[in-house]
Amino acid sequence: MDLNKADHVVSKMKEEFTLSFLVNGQKHELPVQASARLVDILREKVHLTGTKVSCGIGRCGACSVLLDGQLVNACLVMAYQVNGKSVLTIEGLGTDGNRNIQEAFLHEGGFQCGYCTSGMIMAVKALVDAVPNPTEEDIKEALSGNLCRCTGYGGIIRAVQRLANGNA
Amino acid sequence: MKFNISEREGRVRPDGMAKVTGDLKYLTDLTFPNMLHGKILRSSYPHANIVSIKTERAEQLPGVAVVITHKDVPGMNRFGIIFPDQPVFCEDKVRYMGDAIAAVAAESEAIAYEALALIEVVYEELPVIDDPKKALAKDAPKLHPSGNILHRATFKNGDVSKAFDDCFTVVEETYELPRQMHAYLETEGGVIVPKEDGSITVYAGTQHGFKDRFQLARILAKPEHEIRIISSPMGGSFGGKDELNIQPYGAILALVTGRPVKVHHTRKESVWAGLKRHPMRITMKTGASKTGKIVAHEVRIIADTGAYATLGPAVLDFAVEHASGPYIIPNIDIEGLSVFTNNGVSGEFRGFGGNQITFALEGQINRLAEALGIDPIELRRKNIRKATDKGPLGQRIAPSNGALEVLESINALCMKQKEKQKQEPCSKWKRKGTGMALAMHGGGLGFGRLDSAGGRLALNHEGKIEIAFGFEECGQGLLAVIENIVIKEIGCSQNDLKIVIGDTALVPVSGSSTASRGTSIVWQSVQRMKEPFTQKICKRVSQLLSIPENELILGENGLWRVNGKHPCMTYKQLAQEMKDGSPLVVYTNFHFPTTPDAVIGGHYLYTFGGVKVEVEVDLLTGKVKVTDLDHVIAAGPVISPNGYRGQIEGGGVMSLGYTLMEEAKMEGGRYVTENFDTYLIPGIADIPFHTNVQAIEALYKDDSHGPRGVGEIGTIAITPAIVNAIHDAIGHWVQHLPVSSEEILEAIEVRRMLEWT
Amino acid sequence: MTTKKENSSLASSVIWTPTTIQEALAKKKEFGADACFISGGTLLQLQWENGNKVPKNLISLQLIQKMQGIEVERDHDCKVLSIGALSTLATCQNHSLVTMERKLLSEVVKHIAAPAVRNQATIGGNIAGRSGDVIPALLVMDAEISLCNKVSSLKKSVWSWLKDKEDQQDDLLTQVHLPINEQERNMHYFYKKIGRREAFTAAIVTVAGSMSLNELGELDHVRLAVGGGDNLPHRLKATERLFKGEKLSTVTWKEVYSSILKEFLPTTDAFLSADYRKKVAAHIIISELQELVFPSLK
């Protein structure tokens, strides 16, 4: 193993690098620090404040977004981990005209203060993309990382069940 | 999940679309050109003298605009809703870890943090009073000039000691309740924007904009009219944002720098500085006759109010008032103490002392029932208040049969549950149990407290029916309540309506968005305003169109002639017509309904709630899971079905957390739980999918007070109901919350429920 | 309050993105204690937020192809399920080879964190922290891991890796190997994680076990492991020996109980005592073994 040779080819990201990624289908190239949190980039550089910050340690889900279709906590994802990838935030959901999840939340009282709602809806999106007719167990597992302090989850469960029943 | 109130109207809440699309700007989402970021330096010790504060190194850091301390407070360096005893910045002493020493405004948050680390504070540590017992010791150091007792509240009736002598059974128990965190998802924060004329606009969540304005005026030494508070929307509050939090720091930083300043707590900062629910130690001695008539009730409450007063006195008064709940007990002796410590500051929290005292009270009733061998529901029936009985402090109250109606509904649910339980076999390693409890809860601030209410109704220049209240939308659904009431009472449609709240420049005085008073006040205000408003409009239109006034009605899109097919004049046309005339506006202001009897803090409008719950106790781990939950609520007509159900379900789960897992634990005056990794609130897997809400809508005959607020009532009965169900499952009474799985496991082992132990 | 935003120093960290194991090791060698490997980074960020020092150099593993992928390999007579250390927990939960060949791992992973974290966190990261909830399950599955350091690369059982305190932090965990034996078909496994909340919480205690009954009705291949939270994961070797050659009907459960209490030395924290954790572990293990012979309704 040639250690010296290896040294030359390792890429290094320090301070600012140009992050190139898609947000809600739009390409962005932004100078950011490699370790900057995705949630801060979205809120402060892309000016999309629908994604919220609450715990900052991936324990509440308020910052949930889809990264290449996978649910992640934007407070735990660093800039270099997003390079070349595609992010879907709450603002990008439903822009194709399909607002089923949002409609279900509206009609079933799936939110009150609304601060967890962006993340919660993204988690529901990840769930119903994978399992269109989720069981109680599926719902519990899929939404276990998203805390809501207002609803007691009743309205959220009804919203998901409404989606499953197809009458959003 | 059922609800006996079907969705009567398909309207979605007015703020709904913006919330589900992420478009709604919370006040912590705002940015302004040239904005600075503020951060606050909090104490390093729970109790210490400040020897010196040096800010020079921080000031010299590039990117720092200013560093401020107590020297920079223009006016009174104190705040507090009842007594202003909390320093904005400490001068010479810190009394808890959340005490502020200095604040920085910088070009970025990162620089602000760096600057905080450069502020040099020399402390001289003092002994930490981390328990009210220590604070009450004779030789305890005084935390405040007046000593360590913030407030003492008492209520006496009859002769308790004599009555105990005659009792067949007396039950005595001490109950301990933890410090609960509001855990609103949006932490405290906002932006303060200064103007060239010296005025400021404060964009920061609070439950009472005018109160913030009043408090800030004292701190800033500014007339109130130079301060505008924009206080809505909020990502949750639950009582926690009623007191000032970041506003004074942001305001001073903005005034000194002349630039907008954003301050937004991280979760950890929020935990350190923010309010919590009062931990209480409650001893109750309750005696009954052989037939189950409760005759004597002695109560001692010690509340840990933390370092400063905020609403501590009122919370204690509320607990004292509700110590006998919906039961008529002839001999009563209640004494409560609210005690200063070096722990986190306790203050307003949904339920307001009612949760703690009702846990103890309902625990007593259930223990008494067991001791007497009487069915707990029957025991309640024997002692429950009648509709026209006086209130718990002997004051006259608005008659209500809610207590008994709730009890009977809960009884029916319990019987059903027990039937169901018999048929469902339980796993070998689990035991199921059913429990119930009742709660009675006063709305409004109570006798002797300024409880101003009011609103404004107008046809504005855009042709909208504009209704304004000095309330805030914390998430509770106030906007939907306003919309539903106005549409029903005035007759206009959703599109004709403009709701204005949460901005001191635009709204009338309505009082605080607290104490389950919002719905009541909106309904009562509209009752007062609708006639004069309708008359004014009809009169004007009658003049303009020469149609008799009594043939005009307000409807969708405008005024209609009776039996007309279209509006004869739209609101827009009317607004055009009166462009130059006097505006069509009516106001109301009144005092929240109070008892005529001079009992300080005594309430007049009460709501009633009951819970039936099923739990499953895991014999291997001692863990308790709520598997079924029913609420019955008597609070008058339901205004907004989704909102009502959401308040009850959400309040219930918040208290499920309080009962089973939540504790903002402190050791030596320092928080052990600083974020959601250790401070656990219920997740979706912790709640029963079987949750029903049953609303009893009927009011007592001739009741003219309308629908009552339900922000708090759903949080109260659940705790004693769960504890009752645990007892039903394994025969063990819990008196310390949150329920410790360790304690339950010990009880299981003591009862030899596992053969190998 | 030393109010310093805990991860503010993260801004000054350098992130290295090697594409081979050798490059990653070279970087680690170059910076020593001033560097750490990072894959998903979910645990590291939590630790940094809680006050741990952020190293100046973060060596991201995410571009190393050799640490990805899940496949069934042959190792002599044995089939082995090999899992790249960079496989996310979500992949471990849902990958068809895992659900087909080692369903227990899929079950275990389901109890770790929540979906968003599982989509980012890797199995290598969970193990490398030495207290991950997956470890007790790996112990009862006789799992091995591949470790690379600057001089060599070796395969080691998870159990001996845990015991061997000499291992340097510079070692890079590259793969996890789960044996798939024919006799596995008759094995019974259990895994339980107990937390203060139903889901998405640190473990109070995590237990795992495996066993089979031979044709004489005797217990065979009993492996028991505990861990979770701050409890160091380990096998309960002494307790396992109690079952040797025993039939379930002849097991003295009281003896098993006291043996577990003696052998498991968990931590105490602000919420729950070591004593409680021991008892819970013991109760679960006993109940699971009893379920084997006297299945009741779950």
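These numbers come from a predicted model, not from an experiment.

Re the overall build of chain B
Right, so step 1: Scanning chain B from N- to C-terminus turns up 18 helices and 30 strands.
Right, so step 2: Referenced to the eigenvectors of the C-alpha coordinate spread, the extents of chain B come out at roughly 85 × 75 × 50 Å.
Right, so step 3: Here chain B holds 757 residues, and the buried ones make up 68% of them.
Right, so step 4: Within chain B, contacts between residues separated by at least 24 positions form 80% of all contacts whose residues are at least 6 apart in sequence.
Right, so step 5: When the accessible surface of chain B is summed, it comes to about 25,500 Å², and 50% of that surface belongs to carbon and sulfur atoms.

With respect to the sheet that holds strand β23 (residues 558-561) of chain B
All names here are of chain B.
Right, so step 1: Spatial ordering of the open sheet is given by β22-β23-β24, a layout of 3 strands whose pairing is antiparallel. Each of the sheet's edge strands pairs with one partner strand only, and the pair in question is β22 (552-555) and β24 (567-570). The average undirected angle you get between the axes of adjacent strands in this sheet is 30°.
Right, so step 2: Pairing analysis gives 4 bridges linking β22 to β23, with the strands arranged antiparallel. Along β23, the bridge assignment pairs leucine 554 with leucine 559.
Right, so step 3: Relative to the sheet, helix α14 (residues 518-545) contacts β22, β23 and β24, its axis offset from that of β22 by approximately 120°.

Overview of a negative patch on the surface
Residues and elements named next belong to chain B.
Right, so step 1: A cluster of acidic residues, Glu56, Glu59, Asp72 and Glu120, forms a negative patch at the surface.
Right, so step 2: Locating glutamate 56 in the fold gives a position in helix α2 (residues 56-60).
Right, so step 3: Assessed through its relative accessible area of 42%, glutamate 56 is described here as partly exposed.

Side note on the pattern of salt bridges
Right, so step 1: Per the stated rule, a full pass over the model turns up 60 salt bridges over all chains.
Right, so step 2: Close ionic contact of Arg449(B) with Asp317(B) constitutes a salt bridge, the shortest N to O distance being 2.6 Å. On the criterion of sequence distance, the pair formed by Arg449(B) in the loop between β18 (430-443) and β19 (452-459) and Asp317(B) in helix α9 (residues 312-321) is long-range, its members being 132 residues apart.
Right, so step 3: Classification of Asp317(B) by relative accessible area gives buried; the value is 15%.
Right, so step 4: Among the salt bridges present, the one from Asp142(C) reaches Arg223(C), with a minimum N-O distance of 2.6 Å. Taken together, the residues Asp142(C) in the loop between α8 (135-140) and β6 (144-148) and Arg223(C) in strand β11 (residues 219-227) connect sequence positions 81 residues apart.

Focus on the packing of helix α4 (residues 100-108) of chain A against helix α5 (residues 117-130) of chain A
Residue and element names in this part refer to chain A.
Right, so step 1: Contact pair α4 / α5: the axes reach a minimum separation of 10 Å and the direction vectors enclose 125°. The angle between the axes of α4 and α5 places the two elements in the oblique class. Handedness of the crossing formed by α4 with α5: right-handed. Packed against α4, whose contacting residues are Ile101, Gln102 and Phe105, the element α5 presents Thr117, Met120, Ile121, Val124, Lys125 and Val128 at the interface.
Right, so step 2: Tallied by class, residues from the contact of α4 with α5 come to 6 nonpolar, 2 polar and 1 charged.

A word on the domain arrangement of chain C
It is common to give the size of an interface as the accessible area lost on bringing the parts into contact.
Residue and element names in this part refer to chain C.
Right, so step 1: Assigned domains within chain C: domain 1 (13-60), domain 2 (65-182) and domain 3 (183-293).
Right, so step 2: Using C-alpha coordinates to define each centre, domain 1 is positioned 20 Å away from domain 2.
Right, so step 3: Domain 1 puts 11 residues into the contact, and the matching count from domain 2 is 16 residues.
Right, so step 4: It is Ile21, Leu25 and Thr42 in domain 1 that bury the most area against domain 2; as a group they hold 45% of the surface buried on that side.
Right, so step 5: Taken together, the links from domain 1 to domain 2 amount to 0 salt bridges.
Right, so step 6: Where domain 1 meets domain 2, there are 2 residue pairs in polar contact (both at pLDDT 80 or more).
Right, so step 7: For the side of domain 1 that touches domain 2, the secondary-structure elements that each account for two or more residues are α1 (21-31) and α2 (42-49).

Focus: the UniProt feature "domain: Aldehyde oxidase/xanthine dehydrogenase a/b hammerhead" (unreviewed entry) in chain B
Right, so step 1: The UniProt record annotates "domain: Aldehyde oxidase/xanthine dehydrogenase a/b hammerhead" (unreviewed entry) at residues 21-127 of chain B.
Right, so step 2: Counting secondary structure, residues 21-127 of chain B comes out at 14% helix and 36% strand; the distance between its end C-alpha atoms is 51 Å.

Considerations on the interface of chain B and chain C
Right, so step 1: In this complex, chain B contributes 42 residues to the contact, which on the side of chain C involves 35 residues.
Right, so step 2: A combined buried area of about 3,500 Å² lies between chain B and chain C, and 57% of that area is made up of carbon and sulfur atoms.
Right, so step 3: Taken together, the connections running from chain B to chain C amount to 2 salt bridges.
Right, so step 4: In this structure, Glu749(B) engages Lys279(C) in a salt bridge whose closest nitrogen and oxygen atoms are separated by 3.1 Å.
Right, so step 5: Sorting the residues of the side of chain B that touches chain C by element identifies β1 (36-42), α3 (109-118), α8 (267-273) and α18 (741-750) of chain B as the ones contributing at least two each.
Right, so step 6: Looking at which element gives the most residues to the side of chain B that touches chain C, the answer is α18(B), with 5 residues.

Notes on the pairing of strand β5 (residues 78-84) of chain C
All names here are of chain C.
Right, so step 1: In terms of burial, β5 is a largely internal element, 5 of the 7 residues being buried.
Right, so step 2: The antiparallel hairpin formed by strand β4 (residues 70-75) and β5 contains 2 residues in its connecting segment, where histidine 76 sits at a positive phi of about 55°.
Right, so step 3: As paired strands, β5 and strand β8 (residues 172-180) are joined by 6 bridges and run antiparallel to one another. Counterpart to leucine 81 in the pairing with β8 is leucine 178.

Description of the packing of helix α13 (residues 478-490) of chain B against α14(B)
All names here are of chain B.
Right, so step 1: α14 packs onto α13 with a crossing angle of 30° between their chain directions and a minimal axis gap of 10 Å. Regarding the angle of α13 to α14, the classification is roughly parallel. The element α13 and its partner α14 pack so that their crossing is right-handed. Of the residues in α14, those touching α13 at Leu478, Val481, Ile482, Ile485, Val486, Glu489 and Ile490 are Gly518, Thr519, Val522, Trp523, Val526, Gln527, Lys530 and Phe533.

Brief notes about α14(B)
Residue and element names in this part refer to chain B.
Right, so step 1: For α14, built from 28 residues, the straight-helix expectation of 40 Å at 1.5 Å per residue is met to within 8% by its first-to-last C-alpha distance of 38 Å.
Right, so step 2: For α14, the principal kink sits at methionine 529 and spans about 35°; a proline, proline 532, occurs within the next four residues.
Right, so step 3: Downstream of α14 by a residue or two, serine 546 has a phi angle that is positive, lying close to 55°.

Things to note about the interface of chain A and chain B
Right, so step 1: Facing the 46 residues of chain A at the interface are 52 residues of chain B.
Right, so step 2: It is Gln112(A), Tyr115(A) and Arg149(A) in chain A that bury the most area against chain B; as a group they hold 21% of the surface buried on that side.
Right, so step 3: Between the two partners, chain A and chain B, sit 4 salt bridges.
Right, so step 4: Where chain A meets chain B, there are 22 residue pairs in polar contact (both at pLDDT 80 or more).
Right, so step 5: Going through the elements one at a time, α4, α5, α6 (136-142) and α7 (154-164) of chain A are the ones with two or more residues in the side of chain A that touches chain B.
Right, so step 6: Of all the elements, α4(A) adds the most residues to the side of chain A that touches chain B, at 6 residues.
Right, so step 7: Classifying every residue of the side of chain A that touches chain B gives 19 nonpolar, 16 polar and 11 charged.

Some points on the packing of aromatic side chains
Right, so step 1: Applying the stated criterion across every chain yields a total of 11 aromatic pairs over all chains.
Right, so step 2: Here the aromatic rings of Phe318(B) and Phe352(B) are separated by 5.9 Å at their centres, their planes lie at 90°, and the arrangement is edge-to-face. With Phe318(B) in helix α9 and Phe352(B) in the loop between β17 (331-340) and α10 (354-372), this residue pair connects regions lying 34 residues apart in the sequence.
Right, so step 3: Note on Phe318(B): relative accessible area 5%, which makes it buried.
Right, so step 4: In this structure Phe352(B) comes out as buried when scored by relative accessible area, which is 16%.
Right, so step 5: Positioned over the ring face of Trp16(C) is Lys27(C), at 3.9 Å from the centre of the ring.

Calculation rules
- Residues numbered from 1 in each chain as written.
- Chains lettered and ligands numbered in written order.
- Predicted model: local features only at pLDDT ≥ 70, side-chain atom pairs only at ≥ 80, totals over all residues.
- Heavy atoms only, no water.
- Helix = DSSP H or I, 4+ residues; strand = E, 2+ residues; numbered from the N terminus.
- Buried < 20%, exposed > 50% of the residue type's maximum accessible area, 1.4 Å probe, protein only.
- Contact = heavy atoms within 4.5 Å.
- Areas by Shrake-Rupley, 256 points an atom, 1.4 Å probe, with all protein chains shown as cover.
- Pairing = 2+ DSSP bridges.
- Axes fitted to C-alpha atoms, helices over the stretch in contact; angles between N-to-C directions.
- Patch = residues over 30% accessible without salt bridge, like charges linked within 9 Å, V, L, I, M, F, W, Y side chains within 5 Å.
- Salt bridge = Lys/Arg side-chain N within 4 Å of Asp/Glu carboxyl O.
- Lys, Arg positive; Asp, Glu negative; His and termini not counted.
- Charge placed at Lys NZ, Arg CZ, Asp CG, Glu CD.
- Parallel < 35°, antiparallel > 145°, perpendicular 65-115°, else oblique.
- Left-handed = near helix turned anticlockwise from the far one by under 90°.
- Nonpolar A, V, L, I, M, F, W, Y, C, P; charged D, E, K, R; others polar.
- Domains from an automatic or database assignment.
- Buried area = accessible area lost by both parts, 1.4 Å probe.
- Polar contact = N/O pair within 3.5 Å; in protein donor to acceptor, adjacent residues only side chain to side chain.
- UniProt positions renumbered as here; feature names shortened; annotations may be inferred.
- Expected span 1.5 Å × (residues − 1).
- Bend = angle between axes of the 7 residues up to and from the residue.
- Phe/Tyr/Trp six-rings, centres within 6.5 Å; stacked < 30°, edge-to-face > 60°.
- Lys NZ or Arg CZ within 6 Å of the ring centre and 35° of its normal.

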